[in-house]
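# Structure at a glance
Here are the chains, one letter per residue:
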Amino acid sequence: MTSPQSDRLSAAELAKILELVEKSDFDSIELSIGDFHFTASRHGAPQRTTTMADAAPASVQPSSPLPKSAPPAAPAVAATAPVSAPADDPALIAIKAPIVGIFYVSPEPGAAPFVHEGDRIEPGATVGLIEVMKVFNAVPAGLAGTVVRCLVADSDLVEHGQPLFLIRPEGV
Amino acid sequence: MALQRVFVANRGEVAVRIVRACHALGLEAVVGFSEPDRDSLAVRMADRAVCIGPGSASASYLSPERLISAALGTRCDALHPGYGFLAENADFAELCTRHGLVFVGPDAGAIRAMGNKLEARALAQAQDVPLAPGSVRIRDLADARARAAEIGFPLLFKAAAGGGGRGIRIVADGQTLADAYSQASSEAQAAFGDNALFMERYIADARHVEVQIIGDRHGNVVHLGERDCSLQRRFQKIIEEAPSAHLPAPMREAMRDAAVRLARHIGYFSAGTVEFIVDMERGQFFFLEMNTRLQVEHPVTEMVTGFDIVAAQLEIAAGAPLSLMQSGLAIEGHAIECRINAEAPERGFAPAPGRITAWHPPEGPGIRIDSHAYAGWMVSPYYDSLVAKLVVAAADRAAAVARLRDALAQFRIEGLETNLSFLRRVVAHPDFAAGSFNTRWLEHNAPALIRDAA
């Protein structure tokens, strides 16, 4: 997998862009650089700004756990994260995405995430949802243990087999 | 609408071909791949690649939800289906459109109309495109017997929903009719979920000739000449060439006109192929079917016309008018393609997956290789056995045949069994050099050619 676009902006670059927008006469700005997508608005209704929702307007359903709306004047940023390599600790086990789709950390927008780092989980616990064209698939933990790391951000595209969480299994 | 990023919903050599066309037009290509294809050439070349599922095609390349989900998640604005898999699935084309993805192909209506062979025949008939003597839908065995008496033996049973050579049975005489009917019917049900059949006269001395057409969204349709694909095994093409040798000029013209007429009538856009069977004895040609997608053998047409069919598909999908007018078409020289498969001819052409340990394709002027293979690549058992398409072009057919012989002699693949030595025997045969073969030639000569190759 390659990523020819340098789709990662530094925090400083982002701040600079915001500053320019603030000084400008524009009410809102939309910016796409490779997979990086950015929307900010100064006044009025908050703009929904996610990679998935913008790309798939047809899938916007009232019941969809759409990521939280950006508060006015506070830009929300969604960029597709690269697959993080699991930590070197061989004792950790990754929960992997069973299907390609859009990953959600919580059952509904604004709701608490299914799991946090440090949580103890049971094999049957749901750790996230993956949306495949309006169908929401629960991702089961599949093992008992402690969540060491969440590897994927809310509403990111996840590949089939992509590690989502690192778990320290029980009794190891 | 200008396209920016194209999702490649296919694998193998055609995925590589589409990525190349995207890059040639300055478009980004995102490749969706299954687990066994993680190290594939298309994935390496892509601007981005997304694992869409496991090896089983039904959970990856045949899964509309996964493909569209991955395309939207990577913010693609178009999807190229390649050939095979979902390329001729009208529902999939519709689903893409509904989700804001431009389907790089014709519209769903055209796919649907041509996908049903009975409907396609009716459309062809309405445009005075000649049809082989045959029947409309057969109701039952008694009906089949009555029709058989009108058409005469030998004849063919074909699945109404079929295509690509599947669901076809040859019936030699009245005694085998009942068996062939029930077999063809259950085969059609299993393969296409529809047991409807029709009958057609079987033409013993036949050539398979097809016309490449391309149309835009503004009503322009042109042909890019024809290809001869008579060298087939079990209705699967092995060697294709352009233009067709030994076709009488008036028939060539009539065939090209018929193809354009049919495509124009259904408002066809993107690349498509109208297939005909030529009855060599009677000097007639008949409509077989129309394939509403990019064809495996499209490179031979590209070699003699200098026209990039895949790039044109992308431009047309973006709404651009055709860059070529019919009067501007020039067919120069002759091109031949061989399909190199990972298979064992001496074991009934059984697929022979394995890891390629050495890969030395031929090089030189007039040689083109369309392939996803490299030394170290694993030809997996999940998919078809096509490893490479070797395409040669030269000033005339004789020179092309000579170049093909040289190229095949140079080609070296190690680590798995291929049909390379079988192909060398085919192109060394005097009948091939003379261009005198029909659709049964390869099947008939295969046993002797395999013996000689061993």
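Nothing here was measured: the structure is a model prediction, and the numbers come from that model.

### Section: the overall build of chain A
The helix and strand inventory of chain A stands at 2 helices and 11 strands. Start at the N end of chain A and walk to the C end: the helices and strands fall as α-β-β-α-β-β-β-β-β-β-β-β-β. The buried share among the 172 residues of chain A stands at 40%. Restricting the contact set of chain A to residue pairs at least 6 apart, pairs at least 24 apart contribute 62%. Carbon and sulfur atoms make up 57% of the accessible area of chain A, which amounts to about 8,600 Å² in all.

### Side note on the sheet that holds strand β9 (residues 206–215) of chain B
Residues and elements named next belong to chain B. Spatial strand order, β13-β12-β9-β10-β11-β14-β21-β19: 8 strands in an open sheet with antiparallel pairing. For this open sheet the edge positions go to β13 (284–291) and β19 (367–371), each flanked by a neighbour on one side alone. Put simply, the sheet's adjacent strands are angled 25° from each other on average, direction ignored. Relative to strand β21 (residues 386–394), strand β14 (residues 334–341) is paired through 8 bridges, and the arrangement is antiparallel. Its bridge partner being in β21, Ala335 is matched across the sheet by Ala393. Sitting on the sheet, helix α1 (residues 12–24) touches β19 and β21, and the angle it makes with β19 is about 110°. On top of the sheet, helix α12 (residues 397–410) reaches β11 (236–242), β14, β19 and β21; it is set at about 140° to β21, its chief contact.

### Quick notes on the confidence of the model for chain A
All names here are of chain A. On average, residues of chain A score 69 in pLDDT, and 49% of them are at 70 or above. Looking across chain A, the model is least confident in helix α2 (residues 51–55), with a mean pLDDT of 32, and most confident in strand β11 (residues 163–169), with 97. Low confidence marks residues 1–7, where pLDDT is under 50. Its contacts with residues over four positions away, or in another chain, come to 16 contacts. Contacts for the low-pLDDT stretch residues 44–86, under 50 throughout, to residues beyond four places or in other chains number 93 contacts.

### Observations regarding the packing of α1 of chain B against helix α11 (residues 309–317) of chain B
Helix packing geometry: the angle between the two helix axes and the distance between the axes. Residue and element names in this part refer to chain B. Here α1 crosses α11 at 60°, and the two axes come no closer than 9 Å. The two elements α1 and α11 meet at a crossing, and its hand is right-handed. Across the interface between the two elements, Arg17, Ile18, Ala21 and Cys22 from α1 touch Ile309, Val310, Ala311 and Leu314 from α11. Looking at the contact of α1 with α11 residue by residue, the classes come out as 7 nonpolar, no polar and 1 charged.

Cut-offs and rules
Residue numbers here run from 1 along each chain, matching the order of that chain's written sequence. To label them, take the chains in the order written and letter them from A, then take the ligands in the order written and number them from 1. pLDDT decides what is reported in this predicted model: residues at 70 or higher carry local features, side-chain atom pairs at 80 or more are listed and counted, and totals for whole chains, interfaces and linings draw on all residues regardless. With hydrogens and water excluded, all non-hydrogen atoms of the structure serve as input to the side-chain values. Think of it this way: any DSSP run of H or I at least four residues long counts as a helix, any run of E at least two long counts as a strand, and we number them from the N terminus. Type-normalised accessible area, obtained with a 1.4 Å probe on protein chains alone, sets the label of each residue: buried when under 20%, exposed when over 50%, and partly exposed for intermediate values. Pairs of residues are marked as contacts when any of their non-hydrogen atoms sit within 4.5 Å. Every accessible area reported is derived by Shrake-Rupley at a probe size of 1.4 Å, with residue values counting cover from the shown protein chains alone. For two strands to pair, DSSP has to find at least two bridges joining them. For every element, the axis is a line fit to its C-alpha atoms; helices are fit only across the contacting stretch, and the angle between N-to-C directions ranges from 0 to 180 degrees. On a scale of 0 to 100, pLDDT captures the predictor's confidence in every residue. In this scheme, a crossing is called left-handed if the near helix is turned counterclockwise away from the far one by less than a right angle; it is called right-handed if the turn is clockwise. Residues are grouped as follows: Ala, Val, Leu, Ile, Met, Phe, Trp, Tyr, Cys and Pro are nonpolar; Asp, Glu, Lys and Arg are charged; every other residue, Gly included, is polar.

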